[in-house]
Amino acid sequence: MSQWKQIQQLEIRLLEHVDYLYDDNFPMDIRQGLAGWIESQDWETAANDESMATVLFANLLSQLERVRSQEQNFLQRHNMKIIQQQLQVKYTSTPAVMARVISTCLREERRILSSACMQEQGPLEKSLQNSVAFERQKNMDNRVGVIRGSVQLMDQAVKYIEDMQDDFDFRYKTLQSRDSTDRNSEIMKQEVTRLQEMLNRLDFKRKEILSKMDVVIKEIDDLMTSQLSPELQDWKRRQQIAAIGGPLLTGLDQLQGWFTLTAQSLFQIKRQLDKLGELVVKVTYESDPIPLQKPQMEERVKYLLYHLIKSSFVVEKQPCMPTHPQKPLIVKTGVQFTTKVRLLVKLPEVDYQLKVKTTFDKDLPPGRVSRQFFILTNNTKVMDIEDYSNGCLSVEFRHLQLKEKKYINGTKGNEGLLSVTEELHSLSFEACFTVQGLTIDLETCSLPLVVISNVSQLPGGWASVMWYNLLTDEPRNLSFFGNPPRATWSQLSEVLSWQFSTFSSQGLNKEQLSMLGEKLLGQHASCSDYQVSWSKFCKENIQGKPFSFWMWLDSILELIKRHLLPVWNESYIMGFVSKEMERALLKDKEQGTFLLRFSESHLGGITFTWVEHNENGEMRLNSVEPYTKSRLSALPFADIIRDYKVISDGVVPENPLKFLYPNIPKDEAFGRLYNSQPSKVHPYIPSQLIPISELRCNVSTSSPSCQSPEPPMTPGEFDLLSEHLCLSMDTMSSPYSD
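Sequence order sets the numbering: in each chain, residues are counted from 1 along the sequence as written. In view of the model being predicted, local features appear only for residues whose pLDDT reaches at least 70, and side-chain atom pairs are presented and counted only at 80 or more, with totals across whole chains, interfaces and linings using the full set of residues. The side-chain figures draw on all heavy atoms in the structure; neither hydrogens nor water molecules are used.

Section: the overall build of the protein chain
- Helix and strand counts for the protein chain stand at 23 helices and 25 strands.
- Burial classes follow relative accessibility: with a 1.4 Å probe on protein chains only, a residue under 20% of its type's maximum area counts as buried, one over 50% as exposed, and anything between as partly exposed. Counting across all 738 residues of the protein chain, residues that qualify as buried make up 50%.
- Roughly 35,500 Å² of accessible area belongs to the protein chain as shown, and the carbon and sulfur atoms make up 50% of that amount. By definition, any uninterrupted DSSP run of H or I lasting at least four residues is a helix, any uninterrupted run of E lasting at least two residues is a strand, and each is numbered from the N terminus. Using a 1.4 Å probe, the Shrake-Rupley method yields the accessible areas, and only the shown protein chains count as cover for residues.

Shown next, in the form of structure tokens:
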């Protein structure tokens, strides 16, 4: 079943989250109309590959044209044409942006599907969903809207005061121009009285508008302090969680809208104060409120604008190597990485080009790290206005590259107490500009980075990134691993589940997480609040094994991604089962029942264990030596299960795998996953690779040993083995004979 069909079967509560994903950047009509095609493309890679993104964008437009031409409904056909035109305007010059948008939507769909399958949400996901309640967002929208409305009304009030003052000024000057002999006349006295009344009303209106401005400025101040700033911090926390595989439910565009509308209100109030200042030049009087209150208000408005714009300078895309898009915040020396910063305020004007400069490990105290780096490539770029982001300024650095500093004696940095993957670094961004007479210094920084010099350090680096962003919301605590805090098992298990759902249609279920807990914590696995140390998770070897828990789990993740994804997505791999649990599950099953589990003794290995009954009816279990990436590269795992053969005691080789646990016929489970087909190239005889094991039974033991599986064989090689073992079976022609 396609991902989109699964989405449509979700309950309404979850469908609301899906609805939130789609807007003009990627309309749901496209997702619906091109569901299968969209899911079959590699949008994640295209998001970091401009040429691939260009090809996919062209293909998307072609697919849309095809669907539109086949549509019978006139209105629907018209809507599709409008969408097609909008996409061309938005993404023709930036196809990678489109790829990133689609990739994010698909990933979030998988996240929502995963949460629907979970019997219980983890603590982090619960807290994030509470913090983005639609009611709170609606309240924020309403409050910003009310402020904008109040500011617009003040515009009208200032214009009314200007008209009133012009009328007063005209009458006053007219009175002044009359002959002095007429000043004691009754008409003159009436005119003076009328002018005094007008001045009193003008004074009242000036005080009234200043009072309203004061109220609105206080409201904006409170909005920024009590809601806008927390929303921004909440988004930054969500960005941390999203970086390690968690959900990102609140979009940056919504924050941008709030920031921009708030800034527009402040700029408008600033212009209104300037206008009041102009009015004072023409008409002023004793106890005029404008000269008394305006300077203080202007300072408050400038202060709020300064801090609003300064805080709106954010890292939209954390540093990431295009070669490892699912592992941000890890940078390898000599390898290009990308990052992007954005200003969430749409500025009315900028006095000159806004240049952004990047600096690595800025203001880092001497001796804080054992290694020091510098940016090898150009580290300054100009921010551009992006049409798709409603005119906001942003800049993407796509070709940054680090090099380690060498010292006078030719060596690199001194060895520190921390390992390479525990040493944290930071990438800073700076800019300065002037807007409407206000000079603003912008500065922000990335989340802490791990710098590696070899791909073999990638698993350890990713463990550090996960641990940091799971346990702290500090943006730049570079000494974090000097004394890393512990994580509760409930926190850690949720993040581990995310590592699976980032690339597959599902995370880990409750039973799988429980099995992992037993692997890591032993008897403490049932305690969700049990504190797991950093060392236990990543540095200490599993008892009796030459590798740590995380190295073992990471190797399984890589195996699934590269070789087992179709089987994993069908939930056919039980996974993290101990040998004891395996025996308990299979002991009462019929012959040929098998289950798939990951090896406990090999890094990145999967094995299958099947039930066999001897002549006396006694049950015994056979397990094949784990298949690792080297063997799975030769033959898809589903085909291995289909074609697997066992040679035992001179018996004709047969496939012992009949039923996938608990009782699903093998071909019913794996039939649609079988890939390889016999060659049909004439005039050659068809050939087929066959995985085969030799089972040697020891009559003195109740549990036979199963020799390691041989690499997949061709029928010709199998013939030679058959003859060598003196098996009685039909001969097979060599595939290499003409």
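As for the sheet that holds strand β1 (residues 313-320)
- When DSSP finds at least two bridges between two strands, those strands are taken to pair. An order of β1-β3-β8-β7 is seen for the four strands of this open sheet, with the pairing classed as antiparallel. Since the sheet does not close on itself, it has two edges, and those belong to β1 and β7 (384-385), each with one partner.

Focus on the environment of Gln233
- Here Gln233 is to be found in helix α11 (residues 186-243).
- Along the sequence, Gln233 and Asp473 sit 240 residues apart, while their C-alpha atoms lie 8.8 Å from each other.

A short note on the sheet that holds strand β2 (residues 330-332)
- As summarised here, the arrangement of the three strands in space is β2-β13-β10, forming an open sheet in which the pairing is mixed. Of all the strands in the sheet, the pair left with one neighbour each is β2 and β10 (424-425).
- The pairing of β2 with strand β13 (residues 449-452) spans three bridges and is classified as parallel. Bridging across to β13, Ile330 finds its partner in Val450.

What about the pattern of salt bridges?
- Salt bridges are defined by distance alone: a side-chain nitrogen of Lys or Arg within 4 Å of a carboxyl oxygen of Asp or Glu. As enumerated under the stated definition, the model contains 40 salt bridges in all.
- A salt bridge links Arg31 to Glu39; the shortest N-O distance between them is 2.8 Å.
- What makes Arg31 buried here is its relative accessible area of 0%.
- With a shortest N-O distance of 3.2 Å, Glu423 and Arg371 are connected by a salt bridge. With Glu423 in the loop between β9 (402-404) and β10 and Arg371 in the loop between β4 (355-360) and β5 (373-375), this pair connects stretches of sequence that are 52 residues apart. In this pair, the class of Glu423 matches that of Arg371, namely buried.

Overview of the packing of aromatic side chains
- Note on ring pairs: Phe, Tyr and Trp rings are taken, using the six-membered ring of Trp, and paired if centres are within 6.5 Å. Classes follow the plane angle, with under 30 degrees stacked, over 60 edge-to-face and the rest tilted. By the definition in use, this model includes 29 aromatic pairs.
- A centroid spacing of 6.5 Å and a plane angle of 40° characterise the contact between Trp534 and Phe537, whose relative ring orientation is tilted. Highlighted residues: Trp534 and Phe537, both in helix α17 (residues 534-539), separated by three residues, approximately one helical turn. Like Trp534, the residue Phe537 is buried in the burial classification.

Remarks on the nonpolar core
- Residues belong to a common nonpolar core when they are buried Ala, Val, Leu, Ile, Met, Phe, Trp, Tyr or Cys residues joined through side-chain atoms within 4.5 Å. Counting 162 residues, the largest nonpolar core has Ile309, Phe537, Leu596, Phe608, Phe637 and Phe670 as the members making the most contacts within it.
- Here this core gets 18 residues from one element, more than from any other, and that element is α11.
- For Leu596, the residues in contact, after removing those within four places along its chain, are Val567, Tyr572, Ile573, Met574, Gly575, Ile606, Thr607, Phe608, Phe637, Ile641, Leu660 and Phe670.
- Ranked by size, the runner-up nonpolar core spans 36 residues in total, among them Trp37, Leu56, Leu64 and Tyr91. The contact definition used throughout considers only heavy atoms, calling two residues in contact when any of these lie within 4.5 Å.

Some thoughts on α11
- Here α11 is 58 residues long and its end C-alpha atoms lie 82 Å apart, about the 86 Å a rise of 1.5 Å per residue gives.
- Gly245 sits one or two positions beyond α11 and adopts a positive phi of about 105°. How far a helix is expected to stretch is found by multiplying one less than its residue total by 1.5 Å.

Some words on the packing of helix α16 (residues 510-521) against helix α18 (residues 549-569)
- Axes here refer to lines fitted to C-alpha atoms; in helices the fit is confined to the stretch in contact. Angles between the N-to-C directions go from 0 to 180 degrees. Here α16 crosses α18 at 150°, and the two axes come no closer than 12 Å. Taken as axis vectors, α16 and α18 run roughly antiparallel relative to one another. Regarding α16 and α18, the two cross each other, and that crossing is right-handed. Between α16 and α18, the residues in contact are Gln512, Leu516, Lys519 and Leu520 and Phe549, Trp552, Leu553 and Trp568, respectively. Roughly parallel refers to an angle under 35 degrees, roughly antiparallel to one over 145, roughly perpendicular to one between 65 and 115, and oblique to any angle outside these ranges. Note on convention: the crossing is left-handed when the near helix lies turned anticlockwise from the far helix by less than a right angle, right-handed when the turn is clockwise.

Points about the pairing of strand β3 (residues 337-343)
- Taken across its seven residues, β3 has seven buried, putting it largely inside the fold.
- Of the two faces of β3, the one holding Phe337, Thr339, Val341 and Leu343 and the one holding Thr338, Lys340 and Arg342 are both buried throughout.
- Both β1 and β3 contribute to a ladder of five bridges, which runs antiparallel. What sits directly across from Val314, in β3, is Arg342.
- Summarising the sheet, β3 and strand β8 (residues 393-400) pair through five bridges and their orientation is antiparallel. Its bridge partner lying in β8, Lys340 is registered against Glu396.

Concerning the environment of Met188
- Locating Met188 in the fold gives a position in helix α11.
- Residue Met188 is classed as buried on the basis of its relative accessible area, which comes to 3%.
- In this structure the C-alpha to C-alpha distance between Met188 and Leu175, which are 13 residues apart in sequence, comes to 7.8 Å.

Digging into the confidence of the model for the protein chain
- By definition, pLDDT measures how confident the predictor is in each residue, and it falls between 0 and 100. Considering every residue of the protein chain, the mean pLDDT works out to 82; 82% of them sit at 70 or more.
- In the model, residues 698-711 has pLDDT below 50 throughout and makes 27 contacts with residues more than four positions away in sequence or in other chains.
- Long-range and interchain partners of residues 713-738, a stretch whose pLDDT sits below 50, account for 42 contacts in this model, where long-range means more than four residues apart.

Considering the environment of Leu261
- As for its placement among the helices and strands, Leu261 is situated in helix α12 (residues 252-282).
- Accessibility expressed as a relative area gives 33% for Leu261, which makes it partly exposed.
- Considered as a pair, Leu261 and Ile147 are 114 residues apart in the sequence and their alpha carbons are 9.0 Å apart.

What about the packing of α12 against helix α13 (residues 289-311)?
- Here α12 crosses α13 at 155°, and the two axes come no closer than 10 Å. With respect to their mutual orientation, α12 and α13 come out roughly antiparallel. In the crossing of α12 with α13, the sense of the turn from one axis to the other is left-handed. Between α12 and α13, the residues in contact are Phe259, Thr262, Ala263, Leu266, Phe267, Ile269, Lys270, Leu273, Asp274, Leu276, Gly277 and Val280 and Ile290, Pro291, Lys294, Met297, Glu298, Val301, Lys302, Leu304, Leu305, Leu308, Ile309 and Ser311, respectively.
- In the scheme used here, Gly and all other residues not listed as nonpolar or charged are polar, with Ala, Val, Leu, Ile, Met, Phe, Trp, Tyr, Cys and Pro taken as nonpolar and Asp, Glu, Lys and Arg as charged. Among the residues making up the contact of α12 with α13, the classes are represented as 16 nonpolar, three polar and five charged.

With respect to the side chain of Lys270
- Its place among the elements puts Lys270 in helix α12.
- If near-sequence neighbours (up to four positions away) are discounted, Lys270 is found in contact with Val301, Lys302, Leu305 and Gln436.

Focus: the pairing of strand β18 (residues 619-623)
- As paired elements, strand β17 (residues 606-613) and β18 share five bridges and run antiparallel to each other. Across the sheet, Trp610 pairs through a bridge with Asn622, a residue of β18.
- Taken together, β17 and the strand that follows it, β18, pair antiparallel across an intervening segment of five residues, in which Gly617 is found at a positive phi of about 85°.

Observations regarding unusual backbone geometry
- Looking along the chain, the bond that leaves Tyr661 and enters Pro662 is cis, with omega of 5°.
- For Pro662, the position within the fold is in the loop between β21 (659-660) and β22 (664-665).
- Notably, Ser287 is not glycine yet its phi reads approximately 65°, a positive angle.
- Turning to its location among the elements, Ser287 is positioned in the loop between α12 and α13.
- The phi angle at Gln436 is positive, at roughly 50°, despite the residue not being glycine.

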